[in-house]
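# Inside the fold
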Amino acid sequence: MPAPFHLHAPAAPHAVGELFPVRNVFAYDQAAAIDPFLLLDYLGPATVAPSEQPRGVGPHPHRGFETVTIVLRGEVAHRDSAGNGGVIGAGGVQWMTAGAGVVHSEFHGPNLTRDGGELEMVQLWVNLPARAKLVAPRYQDLPAAAFPTVALGNGGSVRVLAGMFDGVRGPSQTHTEIALWDVALPAGAELPLPLPATWNRMVLLCAGEVTIGGEPLRPQHVARLAATNRSPVVRATRPSRLLVLAGAPLGEPVVAHGPFVMNTAAEIDQAIADFRRGRMGRLDV
Ligand code: MN
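I will try to describe carefully the structure that is included in this document. Values in this document were obtained by computation on a predicted structure and should not be read as measured data.

Once that is clear, we can look at the coordination of the manganese ion. Those donors, His60 (NE2), His62 (NE2), His104 (NE2) and Glu106 (OE), are the protein atoms that reach the manganese ion, and they lie 2.1 to 2.5 Å from it. We note that the donor set of the manganese ion lies within a single chain, spaced as H-x1-H-x41-H-x1-E. You'll find histidine 60 and histidine 62 in the same group, each marked buried.

Structural data, given as structure tokens:
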């Protein structure tokens, strides 16, 4: 019998600036399998000590995709060269479309810096289709209250972060056909996956314990399910929180170089040149 899912296990923790600890769960070296997603980093869970100076990542560029930061606990502050900024707290989502290019910084928020506390968040990179790679940058600051919640019949619930669940649409504006759900399940409950059969679909377990087709999935691990409507049964064996990431594959070439993800090597060279010439804007520290 084939395995019920393909496992993406988190890598050893590494520091991204001082937003530590970060574990990469998947990245664009597997772009065809995870299309239209590019990368998933899991920050924490960690306890942050109070600090005089905010910890984080200073100004750096992106082009050709969207960075989506989902805050489970703690807060993150954002500023970018398009003039956007804000602080995202627990349950909120920061949806930044880098498009043609943006320079931004990502730091712990002021309350987390002053008081310390728990930090747990997910950063997901969502690819842009070739026709939208050079759109103007956009910033969506979506607090927890922005998201509709759908009660499941089994005692669980689904917060719709993007796309649709059971006829309810999330507020995030996207350039790709995707669904992003923040799901809570009590012990014994099954996860419904009402998704188009052709979409890639992945389950990230944040906390708790689930089995997929009878096989256990551990926290901070991603299960990539086969694209079909006969997915293996996902069942919580303890109260659990998980994210579902699903989307229509773009089927376009992915050529990536660090913070730039384009379709051709020439476009990467152009991105590097444009960044060096200041064409992605400036952000003073
Ligand atoms: Mn960034």
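With the rule as written, the count across this model stands at four aromatic pairs. Both rings, one in tyrosine 28 and one in tryptophan 125, keep their centres 6.3 Å apart while their planes meet at 40°; by these two values the pair is tilted. Residue tyrosine 28 is found in the loop between β2 (22-26) and α1 (31-34), and its partner tryptophan 125 is found in strand β10 (residues 117-127); the two are separated by 97 residues along the sequence. Judged by its relative accessible area of 24%, tyrosine 28 falls in the partly exposed class. Note on tryptophan 125: relative accessible area 9%, which makes it buried.

Before going further, it helps to examine the pairing of β2. The two faces of the sheet receive side chains in turn, since in a regular strand these alternate between them. Where burial is concerned, most of β2 is hidden: four out of the five residues are buried. Bridging between β2 and strand β3 (residues 37-48) involves four bridges; their strand directions are antiparallel. Looking across to β3, one finds that arginine 23 is bridged to tyrosine 42.

Attention now moves to the sheet that holds strand β7 (residues 85-88). Spatial strand order, β4-β9-β6-β7: four strands in an open sheet with antiparallel pairing. Single-partner strands in this sheet number two, and they are β4 (56-62) and β7. The mean angle between the axes of side-by-side strands here comes to 15°, regardless of whether they run parallel or antiparallel. Alignment of strand β6 (residues 76-80) against β7, held across four bridges, turns out to be antiparallel. Across the sheet, residue alanine 77 finds its bridge partner in β7, namely valine 87.

Our focus in this paragraph is the pattern of salt bridges. Should the charged atoms of two oppositely charged side chains come close, the side chains can pair. Taken as a whole and judged by the stated rule, the model has nine salt bridges. Between glutamate 190 and arginine 235 there is a salt bridge, and its shortest N-O distance comes to 2.5 Å. Of this pair, glutamate 190 sits in the loop between β16 (178-185) and β17 (200-212) while arginine 235 sits in strand β20 (residues 234-247), and the two are 45 residues apart along the sequence. Here arginine 279 and aspartate 274 are joined by a salt bridge, their closest N and O atoms 3.4 Å apart. Judged by relative accessible area, which is 57%, arginine 279 ranks as exposed. Here the salt bridges do not stand alone but share partners, grouping Arg63, Asp274, Arg277 and Arg279 into one network.

Sheet architecture is open: six strands sit in the order β2-β3-β10-β5-β8-β11, paired in antiparallel fashion. The sheet is open, and its two edges are formed by β2 and β11 (138-142), each paired on a single side. Mean inter-strand twist for the sheet, computed between neighbouring axes without regard to direction, equals 15°. Pairing analysis gives eight bridges linking strand β5 (residues 65-73) to β10, with the strands arranged antiparallel. For arginine 73, the partnering residue across the bridge sits in β10 and is glutamate 120.

In this section: the environment of histidine 62. Within the fold, histidine 62 resides in strand β4. C-alpha of histidine 62 to C-alpha of glycine 116: the two residues are 54 residues apart in sequence and 29 Å apart in space. If near-sequence neighbours (up to four positions away) are discounted, histidine 62 is found in contact with Thr67, Met96, Ala98, Gly101, Val102, His104, Trp125, Pro259, Phe260 and Met280. Polar side-chain contacts of histidine 62 include one of 3.1 Å to the side chain of histidine 104.

Rules and cut-offs
- Per-chain numbering applies: the sequence of each chain, read as written, is numbered from 1 onward.
- pLDDT decides what is reported in this predicted model: residues at 70 or higher carry local features, side-chain atom pairs at 80 or more are listed and counted, and totals for whole chains, interfaces and linings draw on all residues regardless.
- Only hydrogens and water are removed before side-chain values are computed, so all heavy atoms of the structure are retained for them.
- In this description, a donor is an N, O or S atom within 2.8 Å of the metal centre, a cutoff extended to 3.2 Å for sodium, potassium and calcium. Water is not part of the atom list, which can make sites seem incomplete.
- Residue exposure (1.4 Å probe, protein chains only): buried if accessible area is under 20% of the type maximum, exposed if over 50%, otherwise partly exposed.
- Pairing of aromatic rings covers Phe, Tyr and Trp, the last through its six-membered ring, and needs centres within 6.5 Å; plane angles under 30 degrees mean stacked, over 60 mean edge-to-face, and all others mean tilted.
- In this text, helices come from DSSP runs of H or I with a minimum length of four residues, and strands from runs of E with a minimum of two, each type numbered from the N-terminal end.
- Strand pairing is assigned whenever DSSP detects at least two bridges linking the two strands.
- Note on method: axes are straight lines fitted to C-alpha atoms, helices fitted across the in-contact stretch only, with angles between N-to-C directions ranging 0 to 180 degrees.
- Basic side-chain nitrogens of Lys or Arg form a salt bridge, by our definition, when they fall within 4 Å of a carboxyl oxygen of Asp or Glu.
- Contacts: residue pairs with any heavy atoms within 4.5 Å of one another.
- A 3.5 Å cut-off defines polar contacts: any pair of N or O atoms within that distance qualifies, except that in protein one atom must be a possible hydrogen donor and the other a possible acceptor, and neighbouring residues in sequence count only when both atoms are side-chain atoms.

Remember that the coordinates give geometry; whether it matters functionally is a separate question.
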